[in-house]
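Overview (structure and organization)
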Amino acid sequence: MRIYSLLIIFIATSFSLFAQKKTATISGLVVDEQDKPMAKVSVGILGKQAAVSTTNDSGKFSITVPSGKAVALVFSYSGYNQQQTNFYLVNGEEETITIQMVKGSFILQDVVVTNKAERTQTGLIKINPKLALNNPTPLSSIESMIQIFAGSARSELTNQYSIRGGSFDENLIYVNDFEVYRPYLIRNGQQEGLSFINPEMTRSVNFFNGGFQSKYGDKMSSVLDITYKKPDTISGNSGSAYIGLLEQGVHIEGLLAKNKATYNIGFRNRNLKGLLGSQETKGNYVPSSTDFQAYITWQPRTKLLLELLANLGSTKFTLFPEESKQTTSVFSPLYTQNLGLDIYFEGQEKDKYNTNMLGLSATLNLSPRFKLKGMLSRFQNKEQENVDIAGAYLFGDRDFDNTQPTFGLIVNPLGAGVYQNFSRNKLDVQVYTASLKGTLEKDKHFIQFGNSFSIEKISDVLKEWEYQDSAGYALPNRIGPLSLYRSINARSELNIARLQGFIQDNILLGSKFTFNAGVRYNINNLNNEFLISPRLGFSYKPTQWEKKDVIFRASVGIYNQPPFYREMRRPDGSVNTALKSQKSYQVSGGVDYAFQVQGRPFRLNTEAYYKSMHDVVPYDIDNVRVRYFGTNSAKAYAYGIEARLYGELVKDAESWISIGLMNTKENLEGDFYQKYFNAAGEEITGSTKDQVIKDSVKTDIGWLRRPTDRRFNFGVFFQDYLSTNKNFKVSLSIIYGTNLPYNIAGSTKYRNALEIPNYIRTDIGFSALLLDGDRSKRRSHNPLRNFETIWASLEVFNLIDRANTISYALIKDFANNTFTIPNRLTPRLINLKLVARW
């Protein structure tokens, strides 16, 4: 990786390098809230067990600290809140500070698991939210890290992820115990807006890629459990701001009302015009996404904590397409040359997605071991899609001889036609939820329980049609009145009430064995299906391996997924209100091994899993939209093994390597086709279709690859810095995934017969520290005197300029042969970003 350090030196030649030697000195004064000197205050270096120094009778101290590395001093005194101050000093530097100690107050924490079972829970991946901020990807979100660590990325334009063969709709997302949702009509790509989760506001990220406990809801794949920061007296009032070519944002946090209230507020804006403008479809892209979030707490009494979580988000996408020039190599045995597709557009697309969410909670500490938390929330999603785009296309051989005047043009037309897409879709989803949950600690038991009641109000207006004219005739080519290729006109109104709850117990049996047992129930008034989902998990640390920090863990359970509106809507727009829940039996187990290499921490986590699914609702991916069948007409399975290595490959720089092998298939009911034979018993194919049919055989399709069947995944997130100076850093992310199946719409015989090639993505970012945390050398009139750090970053997206494929356009020539033209994702792009913290 040191080769990247040379790149950093080349990029950062305008910045002077700091000399890096051994020690520096920090001295100062410690006072109380009345500015009186405090004696006997312990002064320690974070990470060292013993205090380095104490203040004298005058409240003064002086200590020697390492230079050329980040150092945190911790000040502690009985009855006072601990204070922490960070430094980065050069050799021989002398820093003078004044620390004010504040008397402590009891702050009631959220209802959380307190048995420190991070490594004992199956499927748990803890993600440092700072990694998302450093990850050099176009979206820089928590979800982009999941795509590296555990998911199967299809596109750099989406925050969606597929876990162990499931669709994104099989994943749960919580923020401070409130369940959050995503838009439904939205196409999973360029129209997609900001993720709900703001990384700058995030304190911790727990991601379960399977085997999650009963306290989480009813989905079949994963749980993303986010906790937003609650400022304390140590962090005080602080914030950050960043500006880049693609996204800008600011966040502030702090204390109010004599430390009884806290606030954590963020605002973001994203405009991907520069990124989308580099795609194959040329035109005027006007994408914009903004959101405002607030997390506010108030503790009026010692045992009562009130919380408010609010979100207002808006995404607008406008496109005036002009033309698209695409080229592909051979997809048909009839032709061996490169083929081109030129499309000329008129019309426009205008989409609008508005999301708002308000959550209120009250946590009551009835005793040191018993807590209750009541929650009320309202979520609303209003979406509009307005599309009216017509295109005329010419398909054939493209001239690649740059000495000819026809260079770049189609010189041998094989097909031509026109088409028009029209839609006027509106969706309004409202979800009201009331819940009560609690925790009880008793001896070796940690019991959690909860119940919730929700009402879902859904109003949907779906108006879509598509016209296709190929080689001079409309498709479908029928005798009689003109027919549209596809037409949907539907309206739906639904009111669904759901009741669900859980109880579980985490049991500590000795110091080596933990056991978790729980059960969920779920019932709704739409199909009146009553679901029971027991789940078990355990972990064991062998006593005979005292010198090896190894933990074995496993889980087994039932994971049911009651239908939401997205799964109930059939391709023709009708809604199947009798749709049953999708059901699965899952088992997983693995090993967690913690070790050290040259004094640096590492963890290797390996898990194997198997999922058996029935009453599955199959779906097709139509370009970048997921279209469910709306029926429980399939059974499926998924199995695989995953391994992740976490550690400091470079000291003080967190890195990850992830590898996954998976196989997932499905078997649809009633998916068969007819094989036709002539008098000689030979099968009649497309090229021999004029022969007389003498016999036919019904052929069942059987097991097919699911749309998410990516057999091999590989992800890397790597950080490094100059060996002589940590102020110059590099971050690298790599994603590799093998091919995916792609369906031919409306075809039973060739369902999922196409293949999307391997996905390869490499992004890299270089960062330089422009302003460090030493404020003592800044003058009082310096406009930057209150800033802690300022970083500048240069990011290169899609470093290898890989033309990844997201979908296919199916084109017919004049002889009615079908060709597939790939729709490509974004090419290489440069981004600049400036991040300031105070």
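The preceding data block contains the structure.
As a starting point, this report considers the structure included with it. (Residues numbered from 1 in each chain as written. Predicted model: local features only at pLDDT ≥ 70, side-chain atom pairs only at ≥ 80, totals over all residues. Heavy atoms only, no water.)

Some thoughts on the overall build of the protein
Each helix and strand counted, the protein has five helices and 44 strands in total. Looking at the 838 residues of the protein, the share that counts as buried comes to 53%. Considering only residue pairs separated by 6 or more positions, the protein has 68% of its internal contacts joining residues 24 or more positions apart. Here the protein has roughly 37300 Å² of accessible surface; of this, 56% comes from carbon and sulfur atoms. (Helix = DSSP H or I, 4+ residues; strand = E, 2+ residues; numbered from the N terminus. Buried < 20%, exposed > 50% of the residue type's maximum accessible area, 1.4 Å probe, protein only. Contact = heavy atoms within 4.5 Å. Areas by Shrake-Rupley, 256 points an atom, 1.4 Å probe, with all protein chains shown as cover.)

Observations regarding the sheet that holds strand E2 (residues 42-45)
Read across the open sheet, the four strands follow the order E3-E2-E5-E6; overall the sheet is antiparallel. If you trace the sheet from one side to the other, it starts and ends with strand E3 (53-54) and strand E6 (83-88), each paired once. (Pairing = 2+ DSSP bridges.)

Topic: the sheet that holds strand E7 (residues 94-100)
Spatial strand order, E4-E1-E7: three strands in an open sheet with mixed pairing. Both outer strands of the open sheet, strand E4 (60-66) and E7, are each paired with one neighbouring strand and no more. Strand-to-strand, the axes of this sheet are offset by a mean angle of 25°, without reference to chain direction. Across seven bridges, strand E1 (residues 23-31) lies against E7 in parallel orientation. Residue Gly-28 lies in a different strand from E7, and its bridge partner there is Ile-97. (Axes fitted to C-alpha atoms, helices over the stretch in contact; angles between N-to-C directions.)

Overview of the nonpolar core
Ranked by internal contacts, the top residues of the largest apolar core, which has 65 residues, are Phe-207 and Leu-224. With five residues, the top contributor of residues to this core is helix H3 (residues 142-149). Sequence-distant contacts of Phe-207, defined by excluding residues within four places in its chain, comprise Gly-123, Leu-124, Ile-125, Ile-127, Ile-146, Ala-150, Tyr-161, Ile-163, Ser-222, Val-223 and Leu-224. The next biggest cluster of nonpolar side chains, apart from the first, holds 19 residues, and it includes Phe-61, Leu-73, Tyr-80 and Leu-89. (Core = buried A, V, L, I, M, F, W, Y, C linked by side-chain atoms within 4.5 Å.)

Observations concerning the pairing of strand E23 (residues 486-509)
Where E23 and strand E24 (residues 513-524) come together, 12 bridges link them in antiparallel fashion. For Phe-502, the partnering residue across the bridge sits in E24 and is Arg-520. The turn joining E23 and E24, which pair antiparallel and follow one another in sequence, is formed by three residues; a positive phi near 75° is taken by Gly-510.

What about a nonpolar patch on the surface?
A surface patch of nonpolar side chains, amounting to about 420 Å² of accessible area, comprises Val-250, Ile-252, Phe-267, Phe-292 and Leu-312. Along the chain, Val-250 turns up in strand E14 (residues 247-256). (Patch = residues over 30% accessible without salt bridge, like charges linked within 9 Å, V, L, I, M, F, W, Y side chains within 5 Å. Salt bridge = Lys/Arg side-chain N within 4 Å of Asp/Glu carboxyl O.)

A word on the packing of aromatic side chains
Within the structure shown, the criterion is met by 23 aromatic pairs. Measuring from centroid to centroid gives 5.2 Å for Tyr-637 and Trp-703, while their planes differ by 55°, and the two rings are tilted. Taken together, the positions of Tyr-637 in strand E31 (residues 634-650) and Trp-703 in strand E35 (residues 703-705) put the pair 66 residues apart, joining distant regions of the chain. With relative accessibility at 19%, the residue Tyr-637 sits in the buried group. The interplanar angle of 75° and the centroid separation of 5.7 Å between the aromatic rings of Tyr-742 and Tyr-808 together place this pair among those described as edge-to-face. (Phe/Tyr/Trp six-rings, centres within 6.5 Å; stacked < 30°, edge-to-face > 60°.)

Observations concerning unusual backbone geometry
Phi angles above zero are rare outside glycine, and Ser-140 is one such case at about 45°. Here Ser-140 shows up in the loop between helix H2 (129-134) and H3. Using a relative accessible area of 17% as the deciding quantity, one classes Ser-140 as buried. Phi angles above zero are rare outside glycine, and Asn-798 is one such case at about 55°.

Considerations on the environment of Tyr-228
By the secondary structure assignment, Tyr-228 is in strand E12 (residues 222-228). For Tyr-228, a relative accessible area of 1% corresponds to the buried category. Separated by 81 residues in the primary sequence, Tyr-228 and Leu-309 have C-alpha atoms spaced 9.4 Å apart. Those residues in contact with Tyr-228, other than ones at most four positions away along the chain, are Val-175, Asn-176, Phe-196, Ile-197, Asn-198, Met-201, Thr-202, Arg-203, Asn-264, Gln-293, Tyr-295 and Leu-309.

These figures come from the coordinates and say nothing about function on their own.
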